[in-house]
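Coordinates in review
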Amino acid sequence: MILTALAANETANTAPEVVQWFKNLFALIAGMSGEGMGFDDMAKELFHSNRKALDVGNGGDAVLFGDSQMGGGIGRAFKEELKGKGYNICSECKMHVNGSSIRYWLKNLNLKYLLEQKKPNLIVISLGGNGGASGAAQLVSKIKEMAPNARIIWSGAPPAVKATRYSSQRPQRLAKTRERTNVQLQQALGNIFVGPADYME
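Residues numbered from 1 in each chain as written. Predicted model: local features only at pLDDT ≥ 70, side-chain atom pairs only at ≥ 80, totals over all residues. Heavy atoms only, no water.

Focus: the overall build of the protein chain
The condition that has to hold: Secondary structure counts use DSSP, requiring at least four H or I residues in a row for a helix and at least two E residues in a row for a strand, with both numbered from the N terminus. Buried residues are those whose accessible area, probed at 1.4 Å on protein chains only, stays under 20% of the maximum for their type, while exposed residues exceed 50% and partly exposed ones sit between those limits. Here the open area of atoms and residues is found with the Shrake-Rupley method and a 1.4 Å probe, where only the protein chains shown may cover a residue.
A count of helices and strands for the protein chain gives 10 helices and 5 strands. Across the 201 residues of the protein chain, 39% fall into the buried class. Of the roughly 12,200 Å² of accessible surface on the protein chain, a fraction of 51% belongs to carbon and sulfur atoms.

Describing the pairing of strand β4 (residues 151-155)
In plain terms, the rule: At least two bridges found by DSSP between two strands is the condition for calling them paired. The handedness rule is simple: strands pointing away from the viewer, and a clockwise path from the first strand over the helix to the second, make the crossover right-handed.
Buried residues dominate β4, accounting for 4 of its 5 residues. Bridge analysis of strand β3 (residues 122-126) against β4 gives 5 bridges, and the strand direction is parallel. Opposite Ser126, over in β4, you have Ser155 as the bridge partner. Note that the unit made of β3, helix α8 (residues 136-146) and β4 has a crossover that is right-handed. Here 2 bridges tie β4 to strand β5 (residues 193-194), and the two strands are oriented parallel to one another. Its bridge partner lying in β5, Trp154 is registered against Phe193.

A word on the nonpolar core
A general tendency of soluble globular proteins is for nonpolar side chains to be buried together. Put simply, the rule reads: Only buried residues count toward a nonpolar core. Its members are Ala, Val, Leu, Ile, Met, Phe, Trp, Tyr and Cys residues joined through side-chain atoms within 4.5 Å. Contacts are assigned to residue pairs that have any heavy atoms within 4.5 Å of one another.
Residues Phe65, Leu139, Ile143 and Trp154 are the most contacted members of the largest nonpolar core, which totals 28 residues. When residues of this core are traced back to their parent elements, those giving at least two are β1 (60-66), α6 (102-106), α7 (109-118), β3, α8, β4 and α9 (171-189). Ranked by the residues each element gives to this core, the list is headed by α8, at 5 residues. In this view, Ile143 contacts Phe65, Leu115, Ile123, Ile125 and Ile152; residues no more than four positions away in its chain are not counted. Among the nonpolar cores identified, the runner-up in size contains 12 residues, and Leu64, Met70, Ile74 and Leu82 belong to it.

What to know about α8
Spelled out, the test is: Relevant arc is that of directions from the helix axis to the C-beta atoms, nothing else.
Buried within α8 are the following residues: Ala136, Leu139, Val140, Ile143 and Met146. Angular distribution of buried residues about the axis of α8 spans 120°; they occupy a single face of the element.

Structural notes on α7
Residues of α7 that are buried: Leu111, Leu114 and Leu115. Projected down its long axis, α7 shows its buried positions confined to an angular sector of 95°, all on one face. Within α7, the exposed residues directed more than 90 degrees away from the buried face are Leu109, Tyr113 and Gln117. Buried-residue contacts for α7 involve β1, α6, β3 and α8. Trailing α7 by a residue or two, Lys119 shows a phi angle of about 45°, which is positive.

Section: the sheet that holds β3
Sheet strands pair via backbone hydrogen bonds, and the direction of the pair is either parallel or antiparallel. Spatial strand order, β2-β1-β3-β4-β5: 5 strands in an open sheet with parallel pairing. Strands at the two margins of the open sheet, each flanked by one partner only, are β2 (87-89) and β5.

Focus: the side chain of Ser100
Put simply, the test is: Between N or O atoms, a polar contact is any pair within 3.5 Å; within protein, one atom must be a potential hydrogen donor and the other a potential acceptor, and residues adjacent in sequence are included only when both atoms are from side chains.
Summarising the element assignment, Ser100 is placed in the loop between β2 and α6. A distance of 3.0 Å separates a polar atom in the side chain of Ser100 from a polar atom in the side chain of Trp105. Apart from the residues within four sequence positions on either side, Ser100 is in contact with Gly66, Asp67, Trp105, Leu127 and Asn130.

Considering the confidence of the model for the protein chain
How we decide: The quantity called pLDDT is the predictor's confidence in a given residue, expressed from 0 to 100.
When pLDDT is averaged across the protein chain, the result is 76; 66% of the residues are at 70 or more. Taken as a whole, residues 39-50 scores under 50 in pLDDT and shows 14 contacts with residues more than four places along the chain or in a different chain.

Some thoughts on the packing of α7 against α8
Note the cut-off: Geometry is summarised by axes, namely lines fitted to C-alpha atoms with helices restricted to the contacting stretch, and by angles between N-to-C directions that run from 0 to 180 degrees. Angular relationships are summarised with four words: roughly parallel below 35 degrees, roughly antiparallel beyond 145, roughly perpendicular across 65 to 115, and oblique for the angles in between. Ten residue types, Ala, Val, Leu, Ile, Met, Phe, Trp, Tyr, Cys and Pro, are classed as nonpolar, four, Asp, Glu, Lys and Arg, as charged, and the remainder, Gly among them, as polar.
It is the contact of α7 with α8, at a shortest axis distance of 9 Å, that shows an interaxial angle of 40°. Between α7 and α8, the interaxial angle falls into the category oblique. Residues Leu111, Lys112, Leu115 and Glu116 of α7 pack against Leu139, Ile143 and Met146 of α8. Broken down by class, the residue content of the contact of α7 with α8 amounts to 5 nonpolar, no polar and 2 charged.

Some words on the packing of aromatic side chains
The cut-off we apply is this: Under the pairing criterion, centres of Phe, Tyr and Trp rings, with the six-membered ring standing for Trp, must be within 6.5 Å; the plane angle then separates stacked pairs below 30 degrees from edge-to-face pairs above 60, leaving the rest tilted.
Applying the stated criterion across every chain yields a total of 2 aromatic pairs. On the basis of an interplanar angle of 50° and a centroid distance of 4.9 Å, the ring pair of Phe65 and Trp105 is categorised as tilted. Linking Phe65 in strand β1 with Trp105 in helix α6, this pair joins segments that are 40 residues apart in sequence. Accessibility expressed as a relative area gives 2% for Trp105, which makes it buried. For the ring pair Tyr104 and Trp105, a centre distance of 5.2 Å and an interplane angle of 85° mean the geometry is edge-to-face. Look at Tyr104 and you get partly exposed, because its relative accessible area is 37%. Through pairs of rings, three or more aromatic residues link up here, namely Phe65, Tyr104 and Trp105.

This is the structure we're talking about:
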């Protein structure tokens, strides 16, 4: 009934792509029982991901550190990706500090000790959402001194959808600030920088 109404309205006010989406939805529902298709399968069919593949190499030892993003969804996504590629992630290293800036990690002695002891071949950083891009190239240079053979991936500030406790800026202004920070990080870091929005589902 709904599909009939949508199809009838296709030439009226409903966008053709919306009508087609619902046609796909009902076609999938109709075929679920016969093909053993679950709701996860439906979601993959209906919502195609634009997420880029992240080139992290194949296996070894990895250290991840950064701000609250590394302790949240971005950090979990990186861990899942790296474990799938055969990386051993330092389980005893709680290397994220909420609200921390690049300047904070420049002075962090625990990071120096960790990198010199673990000698990872991959280091993933999530910084830039607090305090801007200042000091990024300096931090990378310092890391290379401590772990000269490690590959470095730097994930910048994620898109801002709401204000944070560490920033008094309104979401719209914060979003623009983070966009500007990511441009500055890209310029300072080159191809080790990744924009988290490109790799999020």
